[in-house]
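Breakdown of the fold
Here is how the chains run, residue by residue.
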Amino acid sequence: MSPDSVTPGSVRSAYEVNEQIRALWLRAGGSLSTQEREEYELLVVEWAAAIRDEIIEAA
């Protein structure tokens, strides 16, 4: 995984995480390796947490 990937306790916005997910898919050419799949899964979890945080803040 790249050094600027998921950091525990990260406070990135859902938009920032989504952009990283998009970049990962572009680099991978639409087919993820095992390592890329692991990175993707971590990013999706981080994105979901960021979405939840943004919804709670908006409420």
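The coordinates are above.
We now turn to the structure provided with this report. Please read all numbers here as calculations on a predicted model, not as lab measurements.

Structural notes on the overall build of the protein
- The number of helices and strands found in the protein is two helices and zero strands.
- Residues classed as buried in the protein amount to 20% of the 59 residues present.
- By element, 58% of the accessible surface of the protein is carried by carbon and sulfur atoms, the whole surface being about 4300 Å².

Looking at the nonpolar core
- Core analysis: the biggest nonpolar cluster contains six residues, these being V17, I21, L24, A28, L32 and L43.
- Tallying contributions element by element places helix α1 (residues 14-28) first for this core, with four residues.
- Beyond its immediate sequence surroundings of up to four residues, I21 is in contact with Y40, L43, V44 and W47.

Some words on helix α2 (residues 34-58)
- Spanning 25 residues, α2 covers 36 Å between terminal C-alpha atoms, matching the ideal 36 Å at 1.5 Å per step.
- By the burial criterion, the buried members of α2 are E39, L43, E46 and A50.

Cut-off values and rules
- Residues numbered from 1 in each chain as written.
- Predicted model: local features only at pLDDT ≥ 70, side-chain atom pairs only at ≥ 80, totals over all residues.
- Heavy atoms only, no water.
- Helix = DSSP H or I, 4+ residues; strand = E, 2+ residues; numbered from the N terminus.
- Buried < 20%, exposed > 50% of the residue type's maximum accessible area, 1.4 Å probe, protein only.
- Areas by Shrake-Rupley, 256 points an atom, 1.4 Å probe, with all protein chains shown as cover.
- Core = buried A, V, L, I, M, F, W, Y, C linked by side-chain atoms within 4.5 Å.
- Contact = heavy atoms within 4.5 Å.
- Expected span 1.5 Å × (residues − 1).

From the geometry alone we can't say anything about function, so treat these as descriptive.
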